[in-house]
Each structure stands twice: as structure tokens, then as C-alpha cells.
Amino acid sequence: MIDLHCHILPEIDDGARSLEDSRSMARHAASEGVRMIAATPHVRTDYPTRAARMEFEVDALRRDFAEQAIAVEVLHGAEVELGRLFEIPPEELARLTLAQTGRYVLVEFPYRGWPHGFAGAMSLLRSQGIVPLLGHPERNPEVQDRPAVLRELVDQGALVQITAASLDGRLGPAAKLTAERLLGLGLVDVIASDAHGPHIREAGLAKATAAVGDAALARHLTEDVPAAIVAGDAVPSR
Ligand SMILES: [Fe+2]
């Protein structure tokens, strides 16, 4: 499996608090069958991570995991707040794309309220040849009330990532039910961990894929689509 959303870089945001945390997250993920993890530190007002810092930390983690014989490949990435997209110069934004292919950017879906500026964000990204992967919309109350509203954004070209811990119930019944309904509506492209540490929302991709209840669909969401994104290719259809 490939995990495209993980706060594995140490001491950069509200994720891993030490190098030992990062190692422990990676070892746990590897034990579940994860072979690649995109490091996706927050890029938002409280954690305004720059691409250069992310790249430096990814290099450091790659060297450490090689020394520690941890068989997980760390990829470049970021989780960019929707509003920030308008402030980041194109060259910087390209460096923040998943696996730095310049094609897909993980966008933090707002935790409340509907993203009314989304059409503008979409045309800005389209002008740069970038497709947004919306992070965990199943946690937003408006999506929880009416999961089908997400189709409006998908029809504009967005991809959707749901969080493993939503699907297996660790984030509460509303997130679980909404994740299941989005899956049923065919609106989900990727399942990722959004892990923030060894204990909080630890990877758990194996438990989540079991919760999908359909091995072929689970593979599509945790391997086939993520592999296309990492390669910078078009994603296979839902
Ligand atoms: Fe996240």
C-alpha cells in the first residue's frame, strides 16, 4: 500500500514529535504492508511549512530509515490549506505536490463550513496543471449532513481522500457513516492514514481496508490510485 497523507516529519507540525516517533510510525506502517509514505506537513497559518524545509526533512528521514533498515520509502508532499493556494507562487506549489510530480496536491478540506471559494481555487490549480486531492471531507459537518454535495467538487475535477480512522470508527460514528456513504456514492479515490503520531490515528490502513469489505476496491484506493498519483499519471477511474 501507499499512504499519501501522513504527518511523519518530526517536529515540523502537529505530527511526529521526535525522530523516534517517525521511526515508530514507519515501522508500524511497514508491518501493515505500506511501502511508501508521502510526508505531508501542514501548510497553513499555524504551521506555514516551506518546500525547502519539507525537502530537507524528507532527505534526513530517508537517510535515517536506510540506516535503521526501515523498508518504507518517504515521498515529498504537503497538506495545503485551501486559502493558502492563492498565496503560494507556482514554483513553490509544484514542489509541494505529492511525490513532486507537479500534478497532484493534497488540499486540507475545511473542518466546518462549505468551501465557497472552491471554483476559484480549481481554476487557479487548473491553470498550473494541478489536480487537488481533497483531504478527509468526511469530517466536515456539511458533508456529513449531505454526502452527495461532494459530487459538485468532484465534477469540477477534484479527487477525494478519506481517512482510515474514519472508516474503522476511531473518529466517531458521523465520520464513519459519511466515509461509508461516500464510498457507496463512488466519490472516493484514496484511503490514507493522516497519522499524526505513533498513538494518535496510527496508520491503521490494514484495518481500514478490511472495513471496505471489498478487496478489489480496497486495492484500488490504497495501491492503484496512489501509485498513479505518485507516478504523476492519470488516475484509474472510480
Ligand atoms: Fe493531515
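As a reminder, the structure under discussion sits directly above these lines.
Residue numbers here run from 1 along each chain, matching the order of that chain's written sequence. Under the rules for a predicted model, residues below a pLDDT of 70 receive no local features and side-chain atom pairs below 80 are neither given nor counted, while totals for whole chains, interfaces and linings still include all residues. To obtain the side-chain values, all non-hydrogen atoms of the structure were used and water was disregarded.

### Focus: the coordination of the iron ion
Now for step 1: At 2.0 to 2.3 Å from the iron ion lie its protein donor atoms, namely His5 (NE2), His7 (NE2), Glu79 (OE) and Asp194 (OD).
Now for step 2: As a rule, N, O and S atoms within 2.8 Å of a metal are its donors, except that Na, K and Ca use 3.2 Å; water is not among the atoms, so sites may look incomplete. In these descriptions, tetrahedral denotes four donors with every angle between 85 and 135 degrees, square planar four donors and octahedral six donors with opposite donors over 155 degrees apart and the rest between 65 and 115, and irregular any other case. For the iron ion, the four donor atoms are set out with angles of 80 to 173° between them, so the coordination reads as irregular.

### Comments concerning the sheet that holds strand E10 (residues 190-192)
Backbone-to-backbone hydrogen bonds join strands into a sheet, with any given pair of strands oriented parallel or antiparallel.
Now for step 1: Following DSSP output, two strands are said to pair if at least two bridges run between them. Per the convention used, a helix needs a DSSP run of H or I reaching at least four residues, while a strand needs a run of E reaching at least two, with both numbered from the N terminus. The seven strands lie next to each other as E4-E3-E6-E7-E8-E9-E10, forming an open sheet whose pairing is mixed. Edge positions in the sheet fall to strand E4 (47-48) and E10, since each of these pairs with one other strand and no more.
Now for step 2: Judged from the two bridges that link them, strand E3 (residues 42-44) and E4 form a sheet pairing that is antiparallel. Along E4, the bridge assignment pairs arginine 44 with tyrosine 47.
Now for step 3: Here, residues are in contact when the closest pair of their heavy atoms is within 4.5 Å. The axes are straight lines fitted to the C-alpha atoms, using for helices just the contacting stretch, and the angles between their N-to-C directions are given from 0 to 180°. Seen against the sheet, helix H10 (residues 215-231) touches strand E7 (104-108), strand E8 (131-135), strand E9 (159-163) and E10 and runs at an angle of roughly 100° to E10.

### Some points on the nonpolar core
Now for step 1: We define the nonpolar core as a collection of buried residues of types Ala, Val, Leu, Ile, Met, Phe, Trp, Tyr and Cys that are connected through side-chain atoms lying within 4.5 Å of one another. Exposure is judged per residue with a 1.4 Å probe applied to protein chains only, and the accessible area is read against the type maximum: over 50% gives exposed, under 20% gives buried, and values in between give partly exposed. One finds Ile8, Ile162 and Ile191 to be the most contacted residues of the largest nonpolar core, which totals 60 residues.
Now for step 2: Looking at which element gives the most residues to this core, the answer is helix H2 (residues 51-67), with five residues.
Now for step 3: Not counting the four nearest positions on each side in its chain, isoleucine 8 is found in contact with Ala16, Ser22, Met25, Ala26, Ile37, Ala39, Leu61 and Phe65.

### Quick look at the sheet that holds strand E1 (residues 2-6)
Now for step 1: Across the sheet, which stays open at both edges, the three strands sit in the order E1-E2-E5 with parallel pairing between neighbours. The open sheet has two edge strands, E1 and strand E5 (73-75), and neither has a second partner. Taken over all neighbouring pairs, the strand axes of this sheet differ in orientation by 25° on average, direction set aside.
Now for step 2: Relative to E1, H10 is tilted by about 70°, and along the sheet it contacts E1, strand E2 (36-39) and E5.

### Re the packing of aromatic side chains
Now for step 1: Only Phe, Tyr and Trp rings are paired, with Trp represented by its six-membered ring, and only when their centres lie within 6.5 Å; those with planes under 30 degrees apart are stacked, over 60 edge-to-face, the remainder tilted. This model, assessed by the stated rule, comprises one aromatic pair.
Now for step 2: On the basis of an interplanar angle of 70° and a centroid distance of 6.2 Å, the ring pair of phenylalanine 109 and tryptophan 114 is categorised as edge-to-face.
Now for step 3: Residue phenylalanine 109 is classed as buried on the basis of its relative accessible area, which comes to 2%.

### Here's the deal with helix H4 (residues 118-127)
Now for step 1: Of the residues making up H4, those classed as buried are Phe118, Ala121, Met122 and Leu125. In an axial view of H4, the angular spread of the buried residues amounts to 100°, which keeps them on one side of the axis.
Now for step 2: On its buried face, H4 is in contact with helix H3 (90-95), E7, E8 and helix H6 (151-155).
Now for step 3: Phi turns positive, to about 70°, at glycine 129, one or two residues after H4. It is the directions from the helix axis to the C-beta atoms that the arc portrays.

### As for the side chain of aspartate 168
Now for step 1: Along the chain, the position of aspartate 168 falls in the loop between helix H7 (164-167) and helix H8 (173-184).
Now for step 2: Pairs of N or O atoms are called polar contacts if they sit within 3.5 Å, as long as, within protein, a hydrogen donor faces a hydrogen acceptor (for residues adjacent in sequence, only side-chain-to-side-chain pairs). Polar side-chain contacts of aspartate 168 include one of 2.8 Å to the side chain of arginine 170.
Now for step 3: What aspartate 168 contacts, discounting residues up to four positions off in sequence, is Gly204, Lys207 and Ala208.

### Focus on the pattern of salt bridges
Now for step 1: The term salt bridge refers to a side-chain nitrogen of Lys or Arg lying within 4 Å of a carboxyl oxygen of Asp or Glu. On inspection of all chains with the given rule, the structure shows 15 salt bridges.
Now for step 2: Note that arginine 84 is salt-bridged to glutamate 87, the shortest N-O span being 3.7 Å.
Now for step 3: Among the residues examined, arginine 84 registers a relative accessible area of 21% and is labelled partly exposed.
Now for step 4: Salt-bridge contacts for aspartate 168 lead to arginine 170; the nearest nitrogen and oxygen are separated by 2.8 Å.
Now for step 5: Taken together, the salt bridges that share partners define one network made up of Glu20, Arg23, Arg27 and Asp64.

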